[in-house]
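What follows is the residue order along each chain.
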Amino acid sequence: MTDPTDEPTKTLPAAGLDRQALFERMEGFRRHDVDWRSGRALAYVFDPGEAAREVISRAYGMYLTENGLDPTAFPSLLTMEREVVSMSAHHLRAGPEVVGNFTSGGTESIILAVKAARDHARAKRGVDRGAIVLPTTAHAAFHKAAHYLELDKVMVEVDPETFRADPGAMRAAAEEVAPRCVMMVGSAVSYAHCVVDPIPSLAEICEAHGWWLHVDACMGGFLLPYFRRLGRQHPDFDFSVPGVSSISMDLHKYAFAAKGASVVLYRHKDLRRHQIFSCADWTGYTLSNATIQSSRSGGPIAAAWAVMHHFGDAGYLRIAESLLDATETVRAWVEAHPDLRNLGQTDMSHVTFASDTIDVFALVDAMNERGWYVQAQLSYGNSPANVHLALTPESLRHVPRLLEDFEACIDAVRDASPGPLVTMVDQLAGQVDLARVDDDTLRKMLAMAGAANGELDGPRADISRVLDRLPPSVRSRVLTEFMNESYRRV
Ligand SMILES: *Cc1c(COP(=O)(O)O)cnc(C)c1O
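In this report, the structure presented in the accompanying data block is examined. Treat the numbers as computed from the prediction; the structure is a model and nothing was measured.

**Let's talk about the site of the ligand**
Point 1. If you check the shell around the ligand, you find 13 residues, and the closest are Gly-106, Thr-107, Asp-216, His-252 and Lys-253.
Point 2. In this structure, Asp-216 approaches the ligand through a side-chain N or O atom, which is 2.6 Å from a nitrogen atom.
Point 3. Lys-253 has a polar side-chain atom sitting 2.9 Å from an oxygen atom of the ligand.
Point 4. Expressed as a share of its isolated accessible area of 380 Å², the protein-covered part of the ligand is 85%.

Here it is in structure tokens:
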């Protein structure tokens, strides 16, 4: 990998730059960013359009500097947080006893729910080292939570046709660790395949055993109730299902809030208590934090409050209707396409498809060269490598072009062949157990892929193909190595 050199790296400018110069520099930095403003990015950015963007930006700016650290110092933030949490709870058919908090994102909501469940099990059942039962479709944030909080993971394969969690398999897996089971997880919807797990069945199992059921509704929580009102069927997943203990729901996805906005909700205060951390054991101010962050900008809370009031119920319903129509169009196109295979039957506004005839990684590259931003997902368990599209309000007007470009790219990549690195990895796989490949070989592979210094210089398709051939544990090592190079001195 790159060695530290003696070349000087960036320092503070000796004197401050004038505004024009500094903003010009920042505009320059943007040149290689995903062009979400075009409405052709089908991942990462959930753009609600210009009018809402203005509201969000003004509200965010208004509370940029207020500190959410201490709700007694800025009661306006407490008011907005309470209102955002209450609106969210109603949306998920919660009774009055449901409580929650505003967090910085799905990951924080999930880590907090897992921590609360762990400490609840410790307090009530004396569980020492807990285990968490996850379908393979559960978001990576649960793995991160288990890692941070020192919990064991029990992973359970999902149904190979529907990609929904399999309640029988979940029960059997949880029973194996019954005395230590601190949480079972279901998604509404899962990120990869956009389907709702059979939450009522999971809830019944959890209720019978006294296990905590967390529903990860980060992606689906906000829109699914509208899809239901528009006639789409999906399993119940919210607080109307007895046995659901906690729910995470992102507002910075399909509620279109600024990034840094999610809620975590609990059936009852007695569960949420285990989320809160207080400390009087130091010389400074007494500290009590409901969430992981301590000092935090009021911007995300204000922007979330503002966008929810900007759209209101009727506004969100209208958005959901247009998303539903467009999703149906894309889904029908995939189903009719001889080269493509729908993975799961999307319950919301993402479409995920695989192919038995063409290389999906080459397809993703070809599409992105045409100015789209679509995501490739690696194979895992019974889910093959695939293309993932998240439709957003601003993307809808481009759907006809999207499908035309897909048609053209599918033909263009029909004969795509992998580069030398992929061939090398295939040869290597014949000689050694890839799970045991050493760090040096990994570094050489990264270098060959044009990714040695934390930049992606080579074709992304080759990088994906190589990762796809590696066992997941090695994939993770490669990614860590890459990140460790990426965040470097400049
Ligand atoms: C996005 C997402 C998360 C993680 O949320 P972040 O906001 O990226 O931290 C968790 N679960 C699901 C289903 C998601 O879609």
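Still to come is the rest of the account.
**Considering the packing of helix H10 (residues 299-336) against helix H12 (residues 399-412)**
Point 1. The N-to-C vectors of H10 and H12 enclose an angle of 20°; their axes lie 11 Å apart at closest approach. For the element pair H10 / H12, the angle class is roughly parallel. Note that H10 runs across H12; the crossing there is right-handed. For the pair H10 and H12, contact is made by Ala-326, Thr-329, Val-330 and Trp-333 and by Val-399, Leu-403, Phe-406, Glu-407 and Ile-410, respectively.
Point 2. In terms of residue class, the contact of H10 with H12 is built from seven nonpolar, one polar and one charged.

**What to know about the side chain of Asp-47**
Point 1. Among the secondary structure elements, Asp-47 is positioned in the loop between helix H1 (19-29) and helix H2 (50-62).
Point 2. For Asp-47, a relative accessible area of 5% puts it in the buried group.
Point 3. Polar contacts involving the side chain of Asp-47 include one to the main-chain amide nitrogen of Gly-49, which spans 3.0 Å.
Point 4. A polar side-chain atom of Asp-47 sits 2.7 Å from a polar atom in the side chain of Arg-53.
Point 5. If sequence neighbours within four positions are ignored, Asp-47 has contacts with Trp-36, Arg-53, Thr-392, Pro-393 and Glu-394.

**With respect to the packing of helix H4 (residues 106-125) against helix H5 (residues 140-149)**
Point 1. Direction vectors running N to C along H4 and H5 enclose 50°, while the axes themselves pass 9 Å from each other. It follows that H4 is oblique to H5 by the angle criterion. As H4 packs across H5, the resulting crossing turns out to be right-handed. Residues Thr-107, Ile-110, Ile-111, Val-114, Lys-115 and Arg-118 of H4 lie in contact with H5, whose contacting residues are Ala-141, Phe-142, Lys-144, Ala-145, Tyr-148 and Leu-149.
Point 2. Looking at the contact of H4 with H5, its residues break down into eight nonpolar, one polar and three charged.

**So, unusual backbone geometry**
Both trends apply: most residues other than glycine have a negative phi, and most peptide bonds are in trans.
Point 1. Here Ala-188 and Val-189 are connected by a cis peptide whose omega angle stands at 0°.
Point 2. In this structure, Val-189 sits in the loop between strand S4 (181-187) and helix H7 (199-209).
Point 3. Phi is positive for Tyr-44, which is not a glycine, with a value near 75°.
Point 4. In this fold, Tyr-44 is placed in the loop between H1 and H2.
Point 5. Take Tyr-44: its relative accessible area is 49%, and that puts it in the partly exposed class.
Point 6. At Phe-256, a position not held by glycine, the phi torsion is positive, near 70°.
Point 7. Along the chain, Phe-256 turns up in the loop between strand S6 (246-250) and strand S7 (262-266).

Rules used throughout
Residues numbered from 1 in each chain as written. Predicted model: local features only at pLDDT ≥ 70, side-chain atom pairs only at ≥ 80, totals over all residues. Heavy atoms only, no water. Near = heavy atom within 4 Å. Polar contact = N/O pair within 3.5 Å; in protein donor to acceptor, adjacent residues only side chain to side chain. Areas by Shrake-Rupley, 256 points an atom, 1.4 Å probe, with all protein chains shown as cover. Axes fitted to C-alpha atoms, helices over the stretch in contact; angles between N-to-C directions. Helix = DSSP H or I, 4+ residues; strand = E, 2+ residues; numbered from the N terminus. Parallel < 35°, antiparallel > 145°, perpendicular 65-115°, else oblique. Left-handed = near helix turned anticlockwise from the far one by under 90°. Contact = heavy atoms within 4.5 Å. Nonpolar A, V, L, I, M, F, W, Y, C, P; charged D, E, K, R; others polar. Buried < 20%, exposed > 50% of the residue type's maximum accessible area, 1.4 Å probe, protein only.

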